[in-house]
Amino acid sequence: MYRNEHAARVVALTQKTASINLDIQKLILDMQWYDAFDCEHASAQLAQRNRITLDIKQRLNQLSATLQSTSQSKQACQGVAGGWLSGLWRSTEQKVAQHQASELDKRLAMLELSRKEAQAELASHEPEERRLAANLRRYRQFNPLEATATITGLNEELAHLHQLIEHTRSASEKWEAMAGDVSRQWERQQRQLQQIDNDIAKAQGFEWALSNASSGREKALIHQECESFFENSKPGMVLSGLNAKRRKLERDIEKIQERLRDITRLMENHIETLILDGNNLCYLPSENGKGTFIGLGALIALVPVLCQGYKVTVIFDPGIYARVSSNHAGLQALFPGAKVVVMPRDVKADEALLAAAEFDQAAYIVSNDRFADYAEKSAVKERRVLTHLIHPHSVQIQQLQVNVPY
C-alpha cells in the first residue's frame, strides 16, 4: 500500500542504461572491426578457397563414379568366376575372371582411400570458406553512417536517462526521508496484527475444543496444550488479552496510516508557495497554552531555508509592529527572499492567509491555527495547512522535513 515506487523505477532505469551502454559498445566494436577489415584481401582468399573446394568436389565426383563402375566390373568378374563346380575345377576363363576380381578389390580399396582423403580435405577447407563468406556478408551489410547515427541517438537517450535517474533518485531519497521509517513501522505493525489474528484463531480453537471436550482428562490435555502455546492454560483469558492487544494495535495502525496519508498527499501534490502565519511562528509553546513570545528569531532562521525551494509569503497581524518595534520596510528587510504582508488595523491575518491560498492548489499555509471557523475555505477542506513546532533552539515543519536552528 505504501511503497517507494521511485526506488523500483531507479533500478529499472539503471538496467535500461546498462543495456543501452552494451548496445553502444557493440556498435563501436562493429565499427572498429569494419574499419580494420580488408575486404579485397578477404574476397581474394574466398575466391581461392572456392576454387580449391570446387576442385575437391570434382575429384570426389570422379572418384565416386570410378568406384561405382569398378564395383560393377568386380561383380561381373565374380559372376564369371563363380558356379557350383568352381570349387572342383575352373576353366581358363574363370581363372582369368577370378584374378581380375582380386585386382579390382585392390583398386576399390585404393579408390575408397582416395575418396576419404578428398572428403577430409574438403572438410578442412569448408569452415574457413564459410567464415570468409560470413565476414564478407557482414562487411557488405554493415552501414557505418547508420551505426554512427544510432550511437549518437543512443548517447542522447542515455543522457536523458541519466537526468531521469537523478530526478527519480532524488524523489526516492525524498520519499525515504519523509515516509521511509513511517512506512516500515506500518509494515511491522501489519505483521504484528496478522500474528495476533493467527493467535486469536488458535485460542478460539482451544476454547471450542474445551467446550466440546467429553471428559475431564480431555479438558486437562487442552489446558496443557494452551499453556504450552500461550504460557496461559485458560483460552478465555488468552482471548481477552489478545483482543485488547489487537484493539490497541489497530488504533496505533490508524494513527500511522493517517500520518502516511498526510505524507503521501504532500509528496503527490506539488507545493510551489508557502504562506506563513508570521505571528504564529513568534511564540514558543508554554504550559498554560498561551505561548511565550520569542520575537522573529525563528522566522529569520526559517524563511531563507524555505525560500530555497518555495515562493514564500509571511503574513502578520498589525500588532507585530509594536511587538518588534519596527515598520513594514524594516520587516521586509529582514526577509529579503520573501514577500511580507502586514494586515491593516482591526483585520485578522487568518482571513488573509486563507484567501491567499483559496484559488491556488499549489499554495500551502504554515500555521498551528486549526481555522475551525473557516471549514468552508479551500485550504482547510483540501488539508493544505501544515503545522509547525517551535522548540527552544529550533523551528520544525515536520511534514516538509524541515528543522532549522535559531
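See the structure shown above.
Since this is a predicted model, take the numbers as computed values, not measurements.

**Student:** Would you mind going over the pattern of salt bridges with me for this structure?
**Tutor:** Pairing between side chains of opposite charge can happen when the charged atoms of each approach one another. One pass over the full model with this rule turns up 18 salt bridges. D30 is the partner of K26 in a salt bridge, and the nearest nitrogen-oxygen pair spans 3.1 Å. Of the two residues, K26 and D30 are both situated in helix α1 (residues 5-36); the distance of four residues between them amounts to about one turn of the helix. Since its relative accessible area comes to 14%, D30 is described here as buried. Between E176 and R184 there is a salt bridge, with its nearest N and O atoms 3.1 Å apart. For E176, a relative accessible area of 30% corresponds to the partly exposed category.

**Student:** What's the story with the packing of aromatic side chains in this structure? I'm lost.
**Tutor:** Two measures describe an aromatic ring pair: the distance that separates the ring centres and the angle between the ring planes. The tally for this structure, following the rule as stated, stands at eight aromatic pairs. Considering the side-chain rings of Y283 and F293, the 5.3 Å spacing of their centres and the 70° angle between planes classify their relative orientation as edge-to-face. In this pair, Y283 is assigned in strand β2 (residues 283-284) and F293 in strand β3 (residues 292-293), connecting sequence segments 10 residues apart. With a relative accessible area of 27%, Y283 lands in the partly exposed category. Taken together, the ring pairs in this structure connect W33, Y34, F37, Y139 and F142 into an aromatic cluster. For R138, the ring lying beneath its charged end belongs to W33, and the centroid distance is 3.8 Å.

**Student:** Is there a simple way to explain the packing of α1 against helix α4 (residues 144-211) in this structure?
**Tutor:** Any two packed helices are characterised by how steeply their axes cross, that is the angle between the axes, and by the distance between the axes. With their axes 9 Å apart at the nearest point, α1 and α4 run at an angle of 160° to one another. Classified by the angle their axes make, α1 and α4 are roughly antiparallel. With respect to the hand of their crossing, α1 and α4 are arranged in left-handed fashion. Taken together, the residues of the contact of α1 with α4 sort by class into 19 nonpolar, nine polar and five charged.

**Student:** Please clarify how the pairing of strand β1 (residues 273-277) should be interpreted in this entry.
**Tutor:** Sheet faces and side chains relate simply in a regular strand, where the side chains alternate between the two faces. Most of β1 sits inside the fold, with five of its five residues counted as buried. Looking at chain direction, β1 and strand β4 (residues 311-316) are connected through five bridges and run parallel. Across the sheet, the residue bridging to T273 is K311, located in β4. Here β1 runs beside strand β6 (residues 363-366); their pairing, made up of four bridges, is parallel. Looking at the pairing, T273 lines up with A363 of β6.

**Student:** For this particular structure, what's the right way to read the nonpolar core?
**Tutor:** Soluble globular proteins: nonpolar side chains tend toward being buried together. Ranked by internal contacts, the top residues of the largest apolar core, which has 31 residues, are L274, L276, L299, L302, L306 and F316. At the level of elements, β1, α7 (297-307), β4, β5 (339-342), β6, β9 (394-397) and β10 (402-405) are the ones that each hand at least two residues to this core. Residue contributions to this core peak at six residues, all from α7. Beyond its immediate sequence surroundings of up to four residues, F316 is in contact with G278, N279, L296, L299, L331, F335, V340, V341, V342, M343 and A349. Of all hydrophobic cores here, the second largest spans 24 residues; its members include Y2, M178, W186 and A203.

Rules used throughout
- Residues numbered from 1 in each chain as written.
- Predicted model: local features only at pLDDT ≥ 70, side-chain atom pairs only at ≥ 80, totals over all residues.
- Heavy atoms only, no water.
- Salt bridge = Lys/Arg side-chain N within 4 Å of Asp/Glu carboxyl O.
- Helix = DSSP H or I, 4+ residues; strand = E, 2+ residues; numbered from the N terminus.
- Buried < 20%, exposed > 50% of the residue type's maximum accessible area, 1.4 Å probe, protein only.
- Phe/Tyr/Trp six-rings, centres within 6.5 Å; stacked < 30°, edge-to-face > 60°.
- Lys NZ or Arg CZ within 6 Å of the ring centre and 35° of its normal.
- Axes fitted to C-alpha atoms, helices over the stretch in contact; angles between N-to-C directions.
- Parallel < 35°, antiparallel > 145°, perpendicular 65-115°, else oblique.
- Left-handed = near helix turned anticlockwise from the far one by under 90°.
- Nonpolar A, V, L, I, M, F, W, Y, C, P; charged D, E, K, R; others polar.
- Pairing = 2+ DSSP bridges.
- Core = buried A, V, L, I, M, F, W, Y, C linked by side-chain atoms within 4.5 Å.
- Contact = heavy atoms within 4.5 Å.

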